[in-house]
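Examining the three-dimensional arrangement
Okay, here's what each chain looks like letter by letter:
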Amino acid sequence: MPSADPNAMTSDLELVTAIRSGDQNAMTTLYDRFSSIVYSVALRVLQDTGAAEDVLQDIFMQLWRNPGAFDASRGNMAAWLAVIARNRAIDALRRRRPENDIEDLVVSVEHDLASETDRSRTMEKVRGALQAMPAPQRSALEMAYFEGLSHSEIAGKTGEPLGTIKTRIRAGLLALRKVLAV
Amino acid sequence: MTVHEQFAEDLALYALGSLDGAERHALEKHLDGCASCRREIEQLRGDLSLLALTTAGPKPPARARQRLMSAIADEPRLPAAAPASQHRQRSWWTALGLPALRWASAVALIVVAIGLLRQNSTLQRDLASLRSRFTDQGSKLEQANEVVATLLDPDAKKIELVAAGNNPQPRGKAIYQRRNRNLIFLASNLPPLPAEKIYELWLFPANGGAPIAAGLFKPDARGSATVVNPPLPEGVEAKNFAVTLEPESGSHESPRGTPVIVGVGE
């Protein structure tokens, strides 16, 4: 597994292996590498620094207790943590118990996110795709993803039919995939 | 998309966690048996993770790092035990260097393997026997269901056969199983109910106790009616059954009306 930091000598997988052996320094390195991703996602969802810090703490403590939850063969660490951060933040937002254990989550990312540069390039594409979407489509996708609303809740909020919301969300995701495939 | 097209929109919503209710349940059922759709969910989560990664925001405050490191220090983890244990075992073998012991272990392993093979064979036989019994029971249950469905089907043609030349008389048949408190009662040729009246089935206990109410019922247009498993007290031995014509409203704790049909015993 390549590292997210091009200057780092230790790969993400090596760090996880060290954490399995109880290496606290490896945990510190992993935190320094990915904490800003986890915190940013949680803050975007929760809009509250204290609550975002709680999510950050919770996720890294789970990783400390169960580093084997990350399956390097089936996911990228940055993407995996981003999805977990989003899910946990939504759970916190809706004041519900976490729906999934972190080890249950498989995230398949085919895009190159190895280095900061690769990630930035991919993010530019994603932001471009979002900007290019019709506003109602982007809004439906963001409400579902960053506010954790169900399609029926979005339909209720926007006054649009359920089927329209479903179609918009799927079309948004297809547009995202299309631009990333280029 | 390389997924079942009918699930395409629901898969997107599911990956977002936005699918709820019956649709979510139906999709999860489908996902249990569809590797292609499970793979699509993983890819959709991957696409969505990129959406999450676009949230470039401030770095967490230093206190968050300090808080985590303190928590980790308070919860030290021991190094994984398995590799160390294997290493110790290898050293022990090498130190002793006893080929005879290795042979003995190999023989022991073979004996255990043979034992397991035999056990496996027995288990296979047991499984085959259980499967056969299961199939047999399933077939019997299916037959029983068909019988009950036919008896209870309001559209089924029910024709009472009586001696030629006689007018059809009201008839009833009660089948009662004391052990499980099961009662099936079938009636036919019942006269139409007068206004504000209803039929009531009664169980007469063998110990001479007071009759027990066993269900109110109204016949259909052809005079047929069915009562199945009414609530009954436990362990009552039945001496007889009867149907009376009762007021529709009021108490039904004891028969007050006219008997319509009464059991004659087996």
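What counts, and where the lines are drawn
Residues numbered from 1 in each chain as written. Chains lettered and ligands numbered in written order. Predicted model: local features only at pLDDT ≥ 70, side-chain atom pairs only at ≥ 80, totals over all residues. Helix = DSSP H or I, 4+ residues; strand = E, 2+ residues; numbered from the N terminus. Buried ≥ 20, exposed ≤ 12 C-beta atoms within 10 Å, placed from the backbone. Contact = placed C-beta atoms within 7 Å. Pairing = 2+ DSSP bridges. Axes fitted to C-alpha atoms, helices over the stretch in contact; angles between N-to-C directions. Parallel < 35°, antiparallel > 145°, perpendicular 65-115°, else oblique. Left-handed = near helix turned anticlockwise from the far one by under 90°. Nonpolar A, V, L, I, M, F, W, Y, C, P; charged D, E, K, R; others polar. Expected span 1.5 Å × (residues − 1). Core = buried A, V, L, I, M, F, W, Y, C linked by C-beta atoms within 7 Å. pLDDT = per-residue confidence, 0-100.

With respect to the overall build of chain B
A tally of helices and strands in chain B yields 6 helices and 7 strands. The secondary structure elements of chain B, listed N-terminal to C-terminal, are α-α-α-α-α-α-β-β-β-β-β-β-β. For chain B, the proportion of its 266 residues judged to be buried stands at 18%. For chain B, the share of sequence-separated contacts (at least 6 apart) that also reach a separation of at least 24 residues comes to 56%.

Topic: the sheet that holds strand E6 (residues 238-247) of chain B
Residue and element names in this part refer to chain B. Spatially, E4-E3-E6-E7 is the arrangement adopted by the 4 strands of the open sheet, whose pairing is antiparallel. Lying at the two open borders of the sheet, with one neighbouring strand each, are strand E4 (212-217) and strand E7 (258-262). In this sheet, neighbouring strand axes are inclined to one another by 30° on average, regardless of whether the strands run parallel or antiparallel. Strand direction decides the pairing type here: strand E3 (residues 197-205) and E4, joined by 4 bridges, are antiparallel. Within E4, the residue paired with Tyr199 across the bridge is Phe217.

Digging into the interface of chain A and chain B
On the chain B side, the residues contacting the 54 residues of chain A number 39 residues. Within the residue set of the side of chain A that touches chain B, elements represented by two or more residues are helix H2 (24-46), helix H3 (49-65), helix H4 (77-93), helix H5 (116-132), helix H6 (135-146), helix H7 (151-158) and helix H8 (162-181) of chain A. In terms of residue count, the dominant contributor to the side of chain A that touches chain B is H2(A) (12 residues).

Focus: the packing of H5(A) against H8(A)
How two helices sit against one another is set out by the angle between their axes and by the gap between those axes. All names here are of chain A. For the pair H5 and H8, the least separation of the axes is 9 Å and the interaxial angle reads 140°. Of the possible angle classes, the one that applies to H5 and H8 is oblique. Here H5 and H8 pass one another in a crossing that is right-handed. Facing Lys125, Val126, Gly128 and Ala129 of H5, the residues of H8 in contact are Ala175, Leu176, Val179 and Leu180. Considering only residue class, the contact of H5 with H8 consists of 6 nonpolar, 1 polar and 1 charged.

Examining H4(A)
With 17 residues, H4(A) extends 24 Å between its outermost C-alpha atoms, agreeing within 8% with the 24 Å of an ideal straight helix rising 1.5 Å per residue. Two residues or fewer after H4(A) comes Arg95(A), characterised by a positive phi angle close to 50°.

Quick look at the sheet that holds strand E5 (residues 225-228) of chain B
Residues and elements named next belong to chain B. Taken together, 3 strands build an open sheet; the order of strands is E1-E2-E5 and the sheet is antiparallel. The open sheet has two free edges, formed respectively by strand E1 (171-177) and E5, since each of these has just one partner strand. Averaged over all neighbouring strand pairs, the angle between strand axes comes to 5°, with direction disregarded. Sheet topology places E1 next to strand E2 (residues 182-188); 7 bridges connect them, and they run antiparallel. Within E2, the residue paired with Arg171 across the bridge is Ser188.

Overview of the nonpolar core
Grouped together as the largest cluster of nonpolar side chains are 68 residues, with contacts concentrated most on Val38(A), Ala42(A), Leu81(A), Ala82(A) and Ala85(A). If we skip the residues at most four places from it in the chain, Ala82(A) touches Ile37(A), Val41(A), Ser49(B), Ala52(B) and Leu53(B). Within the second largest apolar cluster, 15 residues are counted, among which are Leu190(B), Tyr199(B), Phe241(B) and Val243(B).

Things to note about the confidence of the model for chain A
Summing up the model confidence of chain A, the mean pLDDT is 83 and the portion of residues at 70 or higher is 81%. Scored below 50 in pLDDT, residues 1-7 of chain A makes 21 contacts in the model with residues more than four places away or belonging to other chains.

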